[in-house]
Amino acid sequence: MKLRDELPVDHHLATVHRYGAAFCGLVLLTFAALGFADALSPFDTSGDTIAGMTTNVALSVISAVVGLALLVGAAVGGNFASTLNMTVGGLFVLSGFAHLLVLDRDANILDFGMTNVIFSFVMGLLIATFGMYGRVSGRLPDDNPYRRRRHARRADRETDPAALPPVRPALLAPGEQPEAPGGGRALR
């Protein structure tokens, strides 16, 4: 199964994947632009804050690159945007855990603080949710292309009238007559 073949180009789910990637990409680009505007040093860990989070030029560069990648994903759309969102979201969550381990240590070269860790978790879950929307669930609707792809045999049976089981009349009580197609009682 190839992910790029699952979602038709014009499906309404692609809109959610696109707008989600664009929104999160713009948030990251805004954070990066604010970091660049403050003209911080590349690996400064002195605690300069932008939008309530500590930052330096290295973190601003990473934010700009990831934000641009999400905007490219939004421009391409479809399964690419969905897969990119899920991947970037997962990496954000992993980054949050990794930086949680290096808080207040010399290895914290991106100058992460607790607000950065929380932002990383929230942004990661948000991006991943946009990527998984309509794709990962136990109860996808019948017209969902991901459901149809995963359950191809069942989808074929549901759309092929010859594969459907024959319709049997309901069980009747003794002496009861079946209803006629017009709603009245059938004549025997």
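Up top you'll find the structure we're talking about.
Small disclaimer: the values here were computed from a predicted structure and weren't measured. (Residues numbered from 1 in each chain as written. Predicted model: local features only at pLDDT ≥ 70, side-chain atom pairs only at ≥ 80, totals over all residues. Heavy atoms only, no water.)

A.B. asks: How would you explain the environment of L94 if you had to name every residue and give the values?
C.D. replies: Its place among the elements puts L94 in helix α3 (residues 78-101). Residue class for L94 comes out exposed when judged on its relative accessible area of 55%. Between the C-alpha atoms of L94 and F121, which are 27 residues apart in sequence, the distance is 8.3 Å. (Helix = DSSP H or I, 4+ residues; strand = E, 2+ residues; numbered from the N terminus. Buried < 20%, exposed > 50% of the residue type's maximum accessible area, 1.4 Å probe, protein only.)

A.B. asks: Give me the lowdown on the packing of helix α2 (residues 57-76) against α3, citing residues and values where you can.
C.D. replies: The N-to-C vectors of α2 and α3 enclose an angle of 155°; their axes lie 7 Å apart at closest approach. The angle between α2 and α3 places the two elements in the roughly antiparallel class. Handedness of the α2/α3 crossing: left-handed. Taking contact as the criterion, the partners of V66, A69, L70, G73 and V76 in α2 are, on α3, G78, F80, A81, L84, N85, V88 and F92. Among the residues forming the contact of α2 with α3, the class breakdown is nine nonpolar, three polar and no charged. (Axes fitted to C-alpha atoms, helices over the stretch in contact; angles between N-to-C directions. Parallel < 35°, antiparallel > 145°, perpendicular 65-115°, else oblique. Left-handed = near helix turned anticlockwise from the far one by under 90°. Contact = heavy atoms within 4.5 Å. Nonpolar A, V, L, I, M, F, W, Y, C, P; charged D, E, K, R; others polar.)

A.B. asks: So, the nonpolar core: which residues are in play, and what are the values?
C.D. replies: Nonpolar side chains in soluble globular proteins tend to end up buried together. Formed by A21, A22, C24, L28, V66, L70, A74, L84, V88, F92, M123 and I127, the largest nonpolar core amounts to 12 residues. Contributions of two or more residues to this core are made by α1 (13-37), α2, α3 and α4 (114-132). For this core, the element with the most residues is α1, which contributes four residues. If near-sequence neighbours (up to four positions away) are discounted, V66 is found in contact with L28, V88 and F92. Core analysis: the second largest hydrophobic core is formed by nine residues, F31, L59, F112 and V117 among them. (Core = buried A, V, L, I, M, F, W, Y, C linked by side-chain atoms within 4.5 Å.)

A.B. asks: Explain the side chain of H99 to me, using residue names and the numbers behind them.
C.D. replies: Counting through the fold element by element, H99 comes out in helix α3. Among the residues examined, H99 registers a relative accessible area of 14% and is labelled buried. Setting aside its immediate chain neighbours within four residues, H99 contacts N108, L110, F112 and V117.

A.B. asks: Give me the lowdown on the side chain of S60, citing residues and values where you can.
C.D. replies: Examined against the element boundaries, S60 turns out to sit in helix α2. On the basis of relative accessible area, S60 is assigned to the buried category, the value being 0%.

A.B. asks: Kindly report on α4, identifying the contributing residues and their values.
C.D. replies: With 19 residues, α4 extends 27 Å between its outermost C-alpha atoms, agreeing within 8% with the 27 Å of an ideal straight helix rising 1.5 Å per residue. Turning to α4, its buried residues number three or more, namely N116, V117, S120, M123, G124, I127, A128 and G131. Seen along its axis, α4 keeps its buried residues to an arc of 135°; they face one direction. Opposite the buried face of α4, at more than 90 degrees from it, the exposed residues are V122 and L125. (Expected span 1.5 Å × (residues − 1). Arc of directions from axis to C-beta.)

A.B. asks: Lay out unusual backbone geometry with the relevant residues and their values.
C.D. replies: Of note, D104 is a non-glycine position whose phi angle comes to about 60°, a positive value. Mapped onto the fold, D104 is located in the loop between α3 and α4. In this structure D104 comes out as exposed when scored by relative accessible area, which is 81%.

A.B. asks: Give a description of a nonpolar patch on the surface that names residues and reports values.
C.D. replies: A cluster of nonpolar side chains, contributed by F97, L100, M114, I118 and V122, occupies part of the molecular surface with about 460 Å² of accessible area. Within the residue set of the nonpolar patch, elements represented by two or more residues are α3 and α4. The biggest single contributor to the nonpolar patch is α4, with three residues. Structurally, L100 is set in helix α3. The class for L100 is partly exposed, based on a relative accessible area of 35%. (Patch = residues over 30% accessible without salt bridge, like charges linked within 9 Å, V, L, I, M, F, W, Y side chains within 5 Å. Areas by Shrake-Rupley, 256 points an atom, 1.4 Å probe, with all protein chains shown as cover. Salt bridge = Lys/Arg side-chain N within 4 Å of Asp/Glu carboxyl O.)

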